[in-house]
Amino acid sequence: MRLLSLILIPLGLLIEALATWAFVIGWHEPVALLTILLVHLIGCAVLIVGLYLALPPNYKRPVAGGFAFLATASVFTPPLGAIGLTLGMLSGLYFAYREKPKAWDALAIPDLPFQPVTVDPNDVFMRDGLASVLTHFDDRNRRQQAIMACRHLPRRDAVPILRSALSDSADEVRLLAYAMLNSIERDLEGQLNEVRDAIAASGDPDGELHEERALLFWEFSYLELAKGSVKQLMLTKARDALDTAIERNDSAQRSLLRARICMELRDYDDAEDSLRRAERLGLSSDDAAPRWAELAFVRGDYNEVAPALARMSPRASNNPVMRPVMEYWL
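Just so it is clear, the structure is predicted and the values come from calculations on it, not from any experiment. (Residues numbered from 1 in each chain as written. Predicted model: local features only at pLDDT ≥ 70, side-chain atom pairs only at ≥ 80, totals over all residues. Heavy atoms only, no water.)

*Asks:* Describe in detail the nonpolar core, supporting the description with residues and values.
*Replies:* L130, L134, I147, C150, L162, L225 and I261 are the most contacted members of the largest nonpolar core, which totals 43 residues. Of all the secondary-structure elements, those providing two or more residues to this core are α5 (124-136), α6 (140-149), α7 (155-165), α8 (171-202), α9 (208-222), α10 (228-248) and α11 (252-264). Take this core: its biggest share by element is 10 residues, from α8. The contacts of L134, once residues within four sequence positions are left out, are R143, A146, I147, I161, S164, A165, D168 and V173. Residues C262, A289, L309 and M326 belong to the second largest nonpolar core, which totals 22 residues. (Core = buried A, V, L, I, M, F, W, Y, C linked by side-chain atoms within 4.5 Å. Buried < 20%, exposed > 50% of the residue type's maximum accessible area, 1.4 Å probe, protein only. Helix = DSSP H or I, 4+ residues; strand = E, 2+ residues; numbered from the N terminus. Contact = heavy atoms within 4.5 Å.)

Structure follows, in structure tokens:
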């Protein structure tokens, strides 16, 4: 409380007491009443200024409202208003609750733009949730955050979402999706260049580098980064590189990969030959059966799908990916 308020409050109460005393002793003539009213107003003005100065800063706003409340209470209810305001304010200020200083401050976690995603990135609900954000949310920032969250998804799941974002109405979302797709393509192209240089340097006698080159070309198709004639070109290059690897050292996995590439190229007879060669080289029934079923399906031989799947072991049939397929066909 300021020193000026300590002076003005008692002074205002004293002036108010003089006006009350003059009225009580019988000063009822018109001139005397006007004098008492003038003294009352002066006392109220002094008291109001003193009380206002004693208020805490939070209670002084708005200024007009604070003065209006004090003036109304003191002017229109003499002398009880002045006494009540003084006693109420002084007791409130004197007995005010004061918070103890805190040793620790509780702060909320800030909403960072690149906060790590805590959901399992392999969860199908996360993938569908991000696609729903891009489709149904009007908030541009939320859609942009959904694109950033695609970094935590497997590429196979992230690329379709990024491709759908290329038609977004916001420039920022489209550019971000394009940049992330371009980053994936540049990464694959950089690996292809490294493999090419390694082949030129070592000659690749075992075919491992050619197999890696085929896998990288295959990934362009598998991730759906290539479409149309470009996809056909990538698959053809993958098959050619894999043929070179098979010539140098054939294996069951290489023949299996060749069968998958031939199925994408719709060369089903060649795919069948590659699958048979893979089985001769030791490919297990659990690995071969889904591909035989896929080959029968794309050929339209639907009666052959169930017998192919029946070759799988119970353990492989209970795989979360294969179980819905097994329940449908068997």
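*Asks:* Give a description of α9 that names residues and reports values.
*Replies:* An ideal rise of 1.5 Å per residue puts 21 Å on 15 residues; α9 measures up with 20 Å between its terminal C-alpha atoms. All of the buried residues in α9 are L209, H210, A214, L216, F217, W218, F220 and S221. Structurally, α9 contributes buried residues whose contacts are with α8, α10 and α11. Once α9 ends, the next one or two residues include E224, with phi positive near 60°. (Expected span 1.5 Å × (residues − 1).)

*Asks:* If you had to explain the pattern of salt bridges to someone new, which residues and values would you point to?
*Replies:* In the structure shown here, the tally under the stated rule is 18 salt bridges. Note that R258 is salt-bridged to D243, the shortest N-O span being 2.5 Å. In this pair, R258 sits in helix α11 while D243 sits in helix α10, placing the two residues 15 residues apart along the sequence. We classify R258 as buried; its relative accessible area is 9%. R276 is the partner of E272 in a salt bridge, and the nearest nitrogen-oxygen pair spans 2.8 Å. With E272 and R276 both in helix α12 (residues 268-280), this residue pair falls 4 residues apart, about one helical turn. (Salt bridge = Lys/Arg side-chain N within 4 Å of Asp/Glu carboxyl O.)

*Asks:* Let's hear about the environment of S183: which residues, and what values?
*Replies:* Along the chain, S183 turns up in helix α8. Here the alpha-carbon distance between S183 and A170, two residues 13 residues apart in the chain, equals 20 Å.

*Asks:* Describe in detail the packing of aromatic side chains, supporting the description with residues and values.
*Replies:* Per the counting criterion, the structure on display carries 4 aromatic pairs. With a centroid separation of 5.4 Å and an interplanar angle of 65°, the aromatic rings of F297 and Y302 are classed as edge-to-face. Judged by centre distance (6.2 Å) and plane angle (80°), the rings of F297 and W329 are edge-to-face. Taken together, the positions of F297 in helix α13 (residues 285-299) and W329 in helix α16 (residues 323-329) put the pair 32 residues apart, joining distant regions of the chain. Each residue in the set F297, Y302, Y328 and W329 is aromatic and connected to the rest through ring pairs, giving one cluster. Across from the ring centre of Y222, 4.4 Å away, lies the NZ or CZ of R156, which sits over that ring. (Phe/Tyr/Trp six-rings, centres within 6.5 Å; stacked < 30°, edge-to-face > 60°. Lys NZ or Arg CZ within 6 Å of the ring centre and 35° of its normal.)

*Asks:* Go over the environment of D286, please, and point to the residues and values.
*Replies:* Summarising the element assignment, D286 is placed in helix α13. With residues up to four places along the chain from it excluded, the contact list for D286 reads M312, S313 and A316. Side-chain polar atoms of D286 contact the backbone nitrogen of S313, separated by 2.8 Å. (Polar contact = N/O pair within 3.5 Å; in protein donor to acceptor, adjacent residues only side chain to side chain.)

*Asks:* Summarise unusual backbone geometry; cite the residues concerned and give the values.
*Replies:* Here E224, not a glycine, exhibits a phi torsion of approximately 60°, which is positive. Its location among the elements puts E224 in the loop between α9 and α10. In this structure E224 comes out as partly exposed when scored by relative accessible area, which is 30%.

Read these as geometric descriptors, not functional statements.
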